[in-house]
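Here's the letter readout for the chains.
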Amino acid sequence: MPLTRRKLLGGLSAGGLALSLGGASARSPAPEGRRAITVNAAPLGGFDLRDAARREFGPLRFLGGLVLSAGDRGFGGFSGLRMLAADGHFLALSDRATWLEARLVSENGRPARIADAHLAPALDARGRPLARTRAYDTESMTFHDGMLYAGIERAHQILRFDWHAHGLLARGTAIALPAEARRLPSNRGLEALGSMPAGSRSPGSLIAISERSAGIDDPTVGFLIGGAHPGRFHVARHDRFDITDLDFLPSGDLVLLERRFIWWRGIAMRLRRIPLAAIAPGATLDGDILFTADMGYAIDNMEGLAIARDTRGRTVLSLISDDNFSILQRTLLLQFELPGA
């Protein structure tokens, strides 16, 4: 995310918009080492600020949301999210290259609290915290075959971590990328990252999409990396929304998380569904909007999306916000069910 946008977004709250009074540096050093933390989780009264009892939003059903906080200066700024198990075990990645591994505990099918939480710095191949290198701006992540891949926006890199062997202590090594991916705009690089599922033209390929590679509402570029059919594609953009994350439904369809900030309209988020069969080199992807939320809803700077089945067999979309380490913003964790997905 551009620093200018980071400052503009500093100050979002549930009911209004304010300016950040400063904001922390994107390269502030994080505390070293894996450490246990306590995460406080305050439940949201509802998602629609005008009707707290409302649960249906297009095809989605709101399960609940939490406002997260912790007394550790490394907590916050979460831009990537993945669910690791049906019991709520999850991993989040901040844009200051810090991992959060924890468990989301549900009660009566709704998110209730956070347990077993640990923070740790993401490490480079030499064991140095990425926050102290030029690869500090970690914006996205995905898993494939026991490996974790993290997208670095400003440095235009994707790092591979042997998560299966080393977990939070894994070290990242850069993988080869197309030349065009290395020439993306400085602060609008690889914002969304995933692994193509079985049934696609190129299962196991990485799919990486730029936040915004061209002008307002021009298509943004994406890449299929590795696999049987690597290549470039584009994603159509509408209404000034930028790409912030992606994940795949059990059916294989792609879901994009998008975000928009306009001074006179405030913040908004959107979820868009794209058929798996449409993803191919040379294609321009577009799809149906699942739903859009503006400042009338309990949102913030929503940047992370994870899709997984829970212990009840429901397809759950989990979203996390990047609070930009601003005292005027919040870390929100929202969950929606997509029935029949």
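One can find the structure itself at the top, above this paragraph.
These numbers come from a predicted model, not from an experiment.

## Regarding the overall build of the protein
What the protein contains, in helices and strands, is two helices and 25 strands. The 341 residues of the protein split such that 60% are buried. Counting every atom, the protein has about 12,900 Å² of accessible surface; 50% of that belongs to carbon and sulfur. Computed over 41 positive and 36 negative side-chain charges, the inter-centroid distance for the protein is 3 Å.

## Side note on the nonpolar core
Note that soluble globular proteins tend to have their nonpolar side chains buried in a common cluster. Formed by 30 residues in total, the largest nonpolar core has its most connected members in Phe47, Met269, Leu271, Phe291, Leu317, Leu319 and Phe336. Looking at this core, the elements that each hand over two or more residues are β4 (60–70), β19 (254–262), β20 (266–274), β22 (288–293), β23 (302–309), β24 (315–321) and β25 (331–337). Not counting residues up to four positions away in its chain, the partners in contact with leucine 319 are Leu81, Leu257, Met269, Leu271, Met302, Gly304, Leu305, Leu332, Leu333, Leu334 and Phe336.

## A word on the sheet that holds strand β16 (residues 220–225)
Pairing in this open sheet of five strands is mixed, and the strands run β14-β15-β16-β17-β21 from one edge to the other. The open sheet has two free edges, formed respectively by β14 (190–195) and β21 (284–285), since each of these has just one partner strand. Strand direction decides the pairing type here: strand β17 (residues 231–235) and β21, joined by two bridges, are parallel. Bridge pairing links valine 235 to leucine 285 in β21.

## Concerning the environment of serine 94
You can see serine 94 is positioned in strand β6 (residues 89–94). Residues serine 94 and isoleucine 152, 58 residues apart in the sequence, show an inter-C-alpha distance of 11 Å. Discounting chain neighbours no more than four positions away, the residues touching serine 94 are Gly76, Gly77, Phe78, Ser79 and Thr138. Here arginine 96 takes part through its backbone nitrogen, which lies 3.1 Å from a polar atom of the side chain of serine 94.

## Here's the deal with the pattern of salt bridges
In this structure the tally under the stated criterion is 21 salt bridges. Where aspartate 253 meets arginine 273, a salt bridge forms, and the shortest distance between an N and an O atom there is 3.0 Å. In this pair, aspartate 253 sits in the loop between β18 (242–248) and β19 while arginine 273 sits in strand β20, placing the two residues 20 residues apart along the sequence. A single network of salt bridges, built from pairs that share partners, joins Asp239, Glu258, Arg270, Arg272 and Asp286.

## So, the side chain of glutamate 101
Residue position: glutamate 101 is located in strand β7 (residues 98–107). No salt bridge is formed by the buried glutamate 101. Its closest oppositely charged neighbour is arginine 34, at 5.0 Å. Here histidine 89 takes part through its side chain, which lies 2.7 Å from a polar atom of the side chain of glutamate 101. Once residues lying within four places of it in the same chain are set aside, the contact partners of glutamate 101 are Leu84, His89, Phe90, Leu91, Asp116, Ala117, His118, Trp163 and Leu168.

## Some thoughts on the side chain of arginine 270
Following the sequence through the fold, arginine 270 ends up in strand β20. Polar contacts involving the side chain of arginine 270 include one to the main-chain carbonyl oxygen of histidine 238, which spans 3.2 Å. Side-chain polar atoms of arginine 270 contact the side chain of glutamate 258, separated by 2.8 Å. Beyond its immediate stretch of four places on either side in the chain, arginine 270 contacts His238, Asp239, Phe241, Leu256, Leu257, Glu258, Ile289, Phe291 and Thr292.

## Examining the pairing of β4
Of all 11 residues in β4, eight are buried, a share of seventy percent or more. A loop of two residues connects strand β3 (residues 56–57) with β4, the two strands running antiparallel in sequence, and glycine 58 in this loop sits at a positive phi of about 60°. Pairing between β4 and β25: seven bridges, direction antiparallel. Along β25, the bridge assignment pairs phenylalanine 62 with phenylalanine 336.

## So, the packing of aromatic side chains
Geometry of an aromatic ring pair is reported as the spacing of the ring centres plus the angle between the planes. Applying the stated criterion across every chain, the model contains 16 aromatic pairs. Put simply, the rings of Phe47, Phe57, Phe62, Phe291, Tyr297 and Phe336 pair up and form one aromatic cluster. Arginine 50 extends its terminal NZ or CZ atom over the ring of tyrosine 297, reaching a point 4.8 Å from the ring centre. When the ring centre of phenylalanine 325 is taken as reference, the NZ or CZ atom of arginine 96 above it lies at 3.5 Å.

## Notes on the sheet that holds strand β10 (residues 138–144)
Sheet architecture is open: five strands sit in the order β9-β13-β12-β11-β10, paired in mixed fashion. Across the chains shown, the open sheet's two edge strands, defined by having one partner strand only, are β9 (123–124) and β10. Pairing geometry for strand β12 (residues 157–161) and strand β13 (residues 171–174), over two bridges, is antiparallel. Note that in β13 the partner of arginine 160 across the bridge is threonine 173.

Criteria and cut-off values
- Residues numbered from 1 in each chain as written.
- Predicted model: local features only at pLDDT ≥ 70, side-chain atom pairs only at ≥ 80, totals over all residues.
- Heavy atoms only, no water.
- Helix = DSSP H or I, 4+ residues; strand = E, 2+ residues; numbered from the N terminus.
- Buried < 20%, exposed > 50% of the residue type's maximum accessible area, 1.4 Å probe, protein only.
- Areas by Shrake-Rupley, 256 points an atom, 1.4 Å probe, with all protein chains shown as cover.
- Lys, Arg positive; Asp, Glu negative; His and termini not counted.
- Charge placed at Lys NZ, Arg CZ, Asp CG, Glu CD.
- Core = buried A, V, L, I, M, F, W, Y, C linked by side-chain atoms within 4.5 Å.
- Contact = heavy atoms within 4.5 Å.
- Pairing = 2+ DSSP bridges.
- Polar contact = N/O pair within 3.5 Å; in protein donor to acceptor, adjacent residues only side chain to side chain.
- Salt bridge = Lys/Arg side-chain N within 4 Å of Asp/Glu carboxyl O.
- Phe/Tyr/Trp six-rings, centres within 6.5 Å; stacked < 30°, edge-to-face > 60°.
- Lys NZ or Arg CZ within 6 Å of the ring centre and 35° of its normal.

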